[in-house]
Amino acid sequence: MSSKKHEDHRYIEALLSNNSLIIKEIYEKFSTSIAKLVAKNNGDANEARDIFQEGLIAITQRARKGDFVLTCPFGAYLYMVCRSKWLNELKK
């Protein structure tokens, strides 16, 4: 069973090709929701920026494995990755 690529897969391709224009769009569209997530859970703006960056790095590394297909909205996937990273940080 093959999964259909979500239209937001272009964000994955931009990360893989280091397309600065689209990466800037990612920051503009999605960083606020991650900042709110971190702030709501006892974090500050610096921690939110770090978590956002770590989330993008994790997604890029996963996509580089070659078999990754984004099948949901990019924002939802990024939020899930960053939420998981932030919760792990809080456990430390």
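In case you missed it, the structure is sitting above this.
Residues numbered from 1 in each chain as written. Predicted model: local features only at pLDDT ≥ 70, side-chain atom pairs only at ≥ 80, totals over all residues. Heavy atoms only, no water.

K.L.:
Account for the packing of helix 2 (residues 20-40) against helix 4 (residues 74-91), with residues named and values stated.
P.N.:
Relative orientation and spacing of two packed helices are given, respectively, by the angle between their axes and the distance between those axes. Where helix 2 contacts helix 4, the axes come no closer than 10 Å and their chain directions differ by 35°. Helix 4 is crossed by helix 2, and the crossing has right-handed handedness. On helix 4, the residues that touch Ile26, Phe30, Ser33, Ile34, Leu37 and Val38 of helix 2 are Phe74, Gly75, Leu78, Tyr79, Cys82, Arg83 and Trp86. Partitioned by chemical class, the residues of the contact of helix 2 with helix 4 number 10 nonpolar, 2 polar and 1 charged. (Axes fitted to C-alpha atoms, helices over the stretch in contact; angles between N-to-C directions. Helix = DSSP H or I, 4+ residues; strand = E, 2+ residues; numbered from the N terminus. Left-handed = near helix turned anticlockwise from the far one by under 90°. Contact = heavy atoms within 4.5 Å. Nonpolar A, V, L, I, M, F, W, Y, C, P; charged D, E, K, R; others polar.)

K.L.:
Summarise helix 3 (residues 45-64); cite the residues concerned and give the values.
P.N.:
Helical periodicity: at 3.6 residues per turn, an α-helix aligns residues three or four positions apart in one direction. Spanning 20 residues, helix 3 covers 29 Å between terminal C-alpha atoms, matching the ideal 28 Å at 1.5 Å per step. Along helix 3, the residues classified as buried are Ala48, Ile51, Phe52, Gly55, Leu56, Ile59, Thr60 and Ala63. Each element contacted by the buried residues of helix 3 is listed here: helix 1 (9-17), helix 2 and helix 4. The distance from a side-chain oxygen at the start of helix 3 to the backbone nitrogen of Asn46 is 3.1 Å, and the residue carrying that oxygen is Asp44. After helix 3 finishes, the residue Gly66 shows a positive phi value of roughly 95°. (Expected span 1.5 Å × (residues − 1). Buried < 20%, exposed > 50% of the residue type's maximum accessible area, 1.4 Å probe, protein only. Polar contact = N/O pair within 3.5 Å; in protein donor to acceptor, adjacent residues only side chain to side chain.)

K.L.:
Can you lay out the environment of Leu16 for me, pointing to particular residues and giving the numbers?
P.N.:
Within the fold, Leu16 resides in helix 1. You can call Leu16 partly exposed: its relative accessible area is 37%. For Leu16 and Ala63, which are 47 residues apart along the polypeptide, the C-alpha to C-alpha distance reads 7.5 Å. If we ignore the near neighbours within four places in the chain, the residues touching Leu16 are Thr60, Ala63 and Arg64.

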